[in-house]
Amino acid sequence: MRNITAIAQRELNAYFASPIGYVLIGFFALLFGHFFYVSLWFFERQSMQMGMNPTQSLNMNQMLIGPALMNTTVIMLFLFPLVTMRTYSEEKRSGTIELLLTSPITDIQIILGKFFGAMTLYAAMLAVTLIHIGLLFVYGTPEWKPIVTAYLGLLLMGGSFLSLGLFISSLTKNQIVAAMATFAAFLMLWVISWMSSMFGPTASAVLQYLSIVEHFDDFAKGVIDTKHVIYYVSFMALGLFLTVKSVDSERWRG
Amino acid sequence: MIEVQHVSKKYGPFTAVDDVSFRAESGEILGFLGPNGAGKTTTMRIITGYMPATEGKATVAGYDIFEHPLEAKRRTGYLPETPPLYPDMTVREYLRFVAKIKSVAGNVNDRVDAVMKKTWVADMANRHCAKLSKGYRQRVGLAQALIHEPEVLVLDEPTAGLDPKQIIETRQLIRDLAGTHTIVLSTHILPEVAQTCQKVVIINKGKIVAIDSPDALTERLRGAVTLFVQAQGPADDMQRALQNIAGVVRVNPADVRGDVSSFDVDTETGADVRREVAAAIVRGGWGLLELRPMRMSLEDIFLSLTTEEIESEDLAAEAVVVDHTDGGQANA
């Protein structure tokens with residue numbers, strides 16, 4: 001455990017010793033701010049229209065918070081390759097991988113350390129969005145439970161993306177290659193459900209299931225379905241497992 | 001204690017290390033000599049558990065590196081060819097990090113301070129690794145290898161990139177460490193081996209060429225002395241004149257430029273023929289431009305070894321003699 005924390009700390013250190021951490025959080029804040037503003041503007045306009053007809057009232061969770069948080073997945077798609085690209089590639093390029101692999105720690109500890117380091121950075125990004133949500137509590141009365149499940153869903157989905165990015169970074173010395181390949185993989189997982197209408201009902205169900213984003217919908221609605229939790233957790237486990245295997249095979253190939 | 005038994009490492013059809021066996025006793029310094037690409041780094045990476053061997057077995061401090069990697073690694077300090085520094089960390093932060101992952105028991109700060117003092121990097125404690133000079137990087141790398149007080153130290157070219165004063169200090173440090181540590185170091189500098197090591201393993205093309213004490217090795221190199229002679233005059237006449245001097249074994253023309261010729265003169269062991277050579281040139285009425293004993297560098301020996309495909313240990317001794325010509329050409 002001490003080893004994992006040490007590696008995770010070092011990862012965080014690396015993000016914030018260079019401009020990367022600040023730039024990522026800054027742009028995340030900027031983009032999320034924009035999405036939030038747009039969602040808020042629509043919500044406001046619809047509320048005005050609804051105001052004419054007082055029999056119905058708008059649900060702030062469903063109409064505003066859900067879509068705004070859903071939009072962070074788009075930001076993840078673009079920013080996460082930049083988070084994970086250096087995790088292994090940089091160590092390989094600079095030779096520090098020799099230090100890690102000859103230290104009395106297991107590959108799994110190294111990988112988990114890196115994963116938790118990246119997750120902490122991601123959590124810091126998400127923390128920015130709490131400011132916006134907090135403002136809603138000042139001026140309105142949203143329900144807090146669906147917000148908590150949405151954040152849980154975001155963490156799980158982010159973790160899945162990060163584990164995949166970690167794996168891709170372990171395959172190459174070149175950070176640009178790592179970032180591009182990660183972006184392509186994320187995009188494929190994102191759009192895979194769009195193809196579902198092209199095939200029969202069985203294939204369509206499979207493709208829908210594979211899509212990493214589809215599983216988030218229920219979380220945003222305030223539902224914790226074990227089906228989705230299992231999907232994300234097994235996705236993360238697979239990503240980390242592949243990373244372990246990739247690092248191990250790298251040893252044999254030298 | 002380090003024991004390497006019949007270790008081989010293959011990359012597809014390419015064999016980097018071929019059936020290498022050697023042993024370093026506790027408290028001993030073993031020097032690993034060889035040209036670049038000989039398999040020194042690969043062997044060291046196998047001993048340190050960075051990569052597994054294709055065949056054979058390596059035991060470090062009583063633990064098989066493949067069967068019990070964590071136990072073995074806990075007892076090994078490793079300085080790779082490029083010191084594995086994180087540019088974004090200060091020296092102190094970096095050493096604290098290494099101390100943690102090497103599971104240093106007790107007070108980490110005290111240990112970091114002690115090791116920084118030992119390797120003379122304390123004055124750079126708060127400087128970022130990216131901003132260190134090559135010499136400091138190398139010494140921080142050494143500090144990193146020492147931090148968990150390992151029984152076994154594996155140092156890949158520990159003095160590369162240091163200035164002469166630092167080289168002397170580092171060698172002294174390595175000698176001081178020897179009593180309590182088993183040390184394997186690689187180098188291609190012969191005097192370094194002579195000054196620091198008790199045992200020398202010479203490796204070429206992945207195979208061990210010789211295992212010997214440095215004294216025996218140096219003796220082998222001193223066996224015959226070669227003189228480098230450059231003179232102005234007819235090349236054939238001069239060569240004949242040199243050949244006739246008593247104590248000269250062989251005269252090899254090295255270079256002819258216009259009427260200036262260079263020769264490598266191999267002499268018998270213990271014979272100093274410099275006076276006779278000078279006299280012979282003057283007697284012929286030619287102009288003596290240069291006369292000096294040739295220094296042998298280990299790299300020269302390996303150059304001849306690799307070009308002539310000599311692999312057995314017995315032939316290696318002869319290669320030393322043959323090598324004088326190659327060395328001469330390189331110098332001329």
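Here the residue numbers are simple positions, counted from 1 along each chain's written sequence. Labels follow written order: the first chain is A, the first ligand is 1, and so on. Note on the predicted model: pLDDT of at least 70 is required for a residue's local features to be given, and 80 or more for side-chain atom pairs to be given and counted; whole-chain, interface and lining totals, by contrast, use all residues.

Enquirer: For this particular structure, what's the right way to read the overall build of chain B?
Expert: Only DSSP runs of H or I reaching four residues or more are called helices, and only runs of E reaching two or more are called strands; each is numbered from the N terminus. The helix and strand tally for chain B stands at twelve helices and 14 strands. Burial analysis of chain B (332 residues in total) assigns 42% to the buried set. Note on contacts: residues are paired as contacts if their backbone-placed C-beta atoms lie within 7 Å. Put simply, of all contacts in chain B between residues at least 6 apart along the chain, 67% involve residues at least 24 apart. Residues are called buried when their C-beta atom has 20 or more other C-beta atoms within 10 Å, exposed when it has 12 or fewer, and partly exposed otherwise; all C-beta atoms are positioned from the backbone.

Enquirer: When you look at the overall build of chain A in this model, what are you seeing that I'm missing?
Expert: Per the secondary structure count, chain A includes ten helices and zero strands. Traced from its N-terminal end to its C-terminal end, chain A shows the element sequence α-α-α-α-α-α-α-α-α-α. The globule rule puts the C-alpha radius of gyration for 254 residues at 18 Å, and the 20 Å found for chain A is close to it. With the principal axes as the frame, chain A shows a C-alpha extent of 70 × 45 × 30 Å. Residue burial in chain A is summarised as follows: out of 254 residues, 36% are buried. Restricting the calculation to C-alpha atoms gives the radius of gyration, and the globule rule supplies 2.2 Å times the number of residues raised to the power 0.38.

Enquirer: In this structure, what is going on with the nonpolar core? I would like to understand it.
Expert: Looking at soluble globular proteins, one finds that nonpolar side chains tend to be buried together. By our criterion, buried Ala, Val, Leu, Ile, Met, Phe, Trp, Tyr and Cys residues that link up through C-beta atoms within 7 Å make up a nonpolar core. With 118 residues, the main nonpolar core has Phe115 and Leu162 of chain A together with Ile47, Tyr94, Leu95, Ala143 and Val184 of chain B as its most contacted residues. The element that contributes the greatest number of residues to this core is helix α6 (residues 144-169) of chain A, accounting for eleven residues. The residues contacting Phe115 of chain A, other than those within four sequence positions of it, are Leu162, Ser163, Leu166 and Leu240 of chain A. One finds Leu227, Phe228, Val251 and Val265 of chain B within the second-largest nonpolar core, a separate group that totals 14 residues.

Enquirer: Can you walk me through the interface of chain B and chain A in this structure?
Expert: In many reports, interface size means the accessible area that the parts give up when they come together. Counting residues at the interface gives 22 residues for chain B, matched by 21 residues for chain A. When contributions to the side of chain B that touches chain A are tallied by element, the ones reaching two or more residues are α2 (69-74) and α3 (91-101) of chain B.

Enquirer: It is not clear to me how the confidence of the model for chain B should be interpreted in this structure. Could you clarify?
Expert: Should pLDDT be low for a region, the predicted coordinates there are not to be read in detail. For chain B, the average pLDDT comes to 82, and 85% of its residues sit at 70 or higher. For the stretch residues 308-332 of chain B, pLDDT sits under 50, and the model shows 49 contacts to residues farther than four places along the chain or on other chains. Think of pLDDT as the predictor's per-residue confidence, scored from 0 to 100.

Enquirer: Sorry, what's going on with the sheet that holds strand β3 (residues 29-33) of chain B here?
Expert: In any sheet, the strands associate via hydrogen bonds between backbone groups, in a parallel or an antiparallel arrangement. Residues and elements named next belong to chain B. Strand pairing is defined by DSSP finding a minimum of two bridges between the two strands. Here six strands make up an open sheet; going across it, the order is β6-β7-β8-β3-β9-β10 and the pairing mixed. The open sheet has two free edges, formed respectively by β6 (76-79) and β10 (207-212), since each of these has just one partner strand. Taken pair by pair, the neighbouring strands of this sheet meet at an average axis angle of 15°, ignoring direction. Sheet topology places strand β7 (residues 152-156) next to strand β8 (residues 182-187); five bridges connect them, and they run parallel. Looking across to β8, one finds that Leu153 is bridged to Ile183. In this analysis, axes come from line fits to C-alpha atoms, helices being fitted only over the stretch in contact, and the angle between any two N-to-C directions falls in the range 0 to 180 degrees. The strands that helix α5 (residues 134-146) touches are β6 and β7; relative to β6, the one it contacts most, it runs at about 165°.

Enquirer: Would you take a moment to explain the environment of Gly206 of chain B for this structure?
Expert: Residues and elements named next belong to chain B. You can see Gly206 is positioned in the loop between β9 (199-204) and β10. Take Gly206: there are 22 C-beta atoms within 10 Å of it, and that puts it in the buried class. C-alpha separation for the pair Gly206 and Val17, spaced 189 residues apart in sequence, amounts to 3.9 Å. Ignoring anything within four residues of it in the chain, the contact list for Gly206 reads Thr15, Ala16, Val17, Asp18, Ala38 and Gly39.

Enquirer: How should I be thinking about the environment of Leu240 of chain A in this particular structure?
Expert: With respect to the secondary-structure elements, Leu240 of chain A resides in helix α10 (residues 226-253). In contact with Leu240 of chain A, not counting residues within four places along its chain, are Ile111, Phe115 and Ser163 of chain A.

Enquirer: Looking at this structure, how should I read the pairing of β9 of chain B?
Expert: A regular strand carries its side chains on alternate faces of the sheet. All names here are of chain B. Within β9, five of the six residues are buried, leaving the element largely enclosed by the surrounding structure. In the sheet, β3 pairs with β9 via four bridges, with the strands oriented parallel. In the sheet register, Gly31 faces β9, and the bridge partner there is Val200. Strand direction decides the pairing type here: β9 and β10, joined by five bridges, are antiparallel. Residue pairing in the sheet places Ile203 in a bridge with Ile208 of β10.

Enquirer: For this particular structure, what's the right way to read the sheet that holds strand β13 (residues 260-267) of chain B?
Expert: Residues and elements named next belong to chain B. Spatial strand order, β12-β13-β11-β14: four strands in an open sheet with antiparallel pairing. Here the strands that pair on one side only, and so sit at the sheet edges, are β12 (248-257) and β14 (287-293). Each strand axis lies, on average, 20° off the axis of its neighbour in the sheet, ignoring direction. Two strands pair when backbone bridges link them, and strand β11 (residues 226-232) and β14 are joined in this way by six bridges, in the antiparallel orientation. Within the sheet, the bridge partner assigned to Gln232 lies in β14 and is Gly287. Strands in contact with helix α9 (residues 235-243) are β11, β12 and β13; relative to β12, the strand with the most contacts, it is inclined by about 160°. Running at roughly 165° to β14, helix α10 (residues 274-283) makes contact with β11, β13 and β14 of the sheet.

Enquirer: For this particular structure, what's the right way to read the packing of helix α5 (residues 107-139) of chain A against α10 of chain A?
Expert: For any two helices packed against each other, the geometry is given by the interaxial angle and the distance between the axes. Residues and elements named next belong to chain A. Packing of α5 against α10 leaves a shortest axis separation of 10 Å and a crossing angle of 130°. As far as their axial angle goes, α10 and α5 are oblique. Handedness of the crossing formed by α5 with α10: right-handed. Note on element contacts: α10 touches α5 through Leu240, Thr243, Val244, Val247 and Asp248, opposite Asp107, Ile108, Ile111 and Phe115. Split into classes, the residues belonging to the contact of α5 with α10 amount to six nonpolar, one polar and two charged. Between 65 and 115 degrees an angle is taken as roughly perpendicular, under 35 as roughly parallel, over 145 as roughly antiparallel, and anywhere else as oblique. A crossing counts as left-handed when the near helix is turned anticlockwise from the far one by less than a right angle, and as right-handed when that turn is clockwise. For this classification, Asp, Glu, Lys and Arg are treated as charged, while Ala, Val, Leu, Ile, Met, Phe, Trp, Tyr, Cys and Pro are nonpolar and the rest, including Gly, are polar.

Enquirer: Please explain α3 of chain B as it appears in this structure.
Expert: Note on helix geometry: an α-helix contains 3.6 residues per turn, so any two residues three or four positions apart are oriented the same way. The buried fraction of α3 of chain B is high, at nine of eleven residues. For α3 of chain B, the complete set of buried residues consists of Val91, Glu93, Tyr94, Leu95, Phe97, Val98, Ala99, Lys100 and Ile101 of chain B. On its buried face, α3 of chain B sits against α1 (2-17) and α4 (97-101) of chain A together with α4 (108-118) and α5 of chain B. Downstream of α3 of chain B by a residue or two, Ser103 of chain B has a phi angle that is positive, lying close to 45°.

Enquirer: In this structure, what is going on with unusual backbone geometry? I would like to understand it.
Expert: Trans peptide bonds make up most of the peptide bonds, and negative phi angles are found at most residues other than glycine. Residue and element names in this part refer to chain B. Positive phi, normally seen in glycine, also occurs at Asp19, with a value near 50°. Counting through the fold element by element, Asp19 comes out in strand β2 (residues 14-24). The phi torsion at Ala61 lies on the positive side, around 50°, for a residue other than glycine. Tracing the backbone through its elements, the reader meets Ala61 in the loop between β4 (55-60) and β5 (63-64).

Enquirer: How should I be thinking about the packing of helix α2 (residues 19-51) of chain A against helix α3 (residues 60-94) of chain A in this particular structure?
Expert: All names here are of chain A. In contact at an axis separation of 9 Å, α2 and α3 are set at 155° when each is read in the N-to-C sense. Put simply, α2 runs roughly antiparallel to α3. As for the relative orientation of α2 and α3, their crossing is right-handed in sense. Across from Leu24, Phe27, Phe28, Leu31, Phe32, Phe35, Phe36, Ser39, Leu40, Phe43 and Gln46 in α2, the residues of α3 making contact are Met63, Leu64, Pro67, Ala68, Asn71, Thr72, Ile75, Leu79, Leu82 and Val83. Class assignment for the residues of the contact of α2 with α3 results in 17 nonpolar, four polar and no charged.

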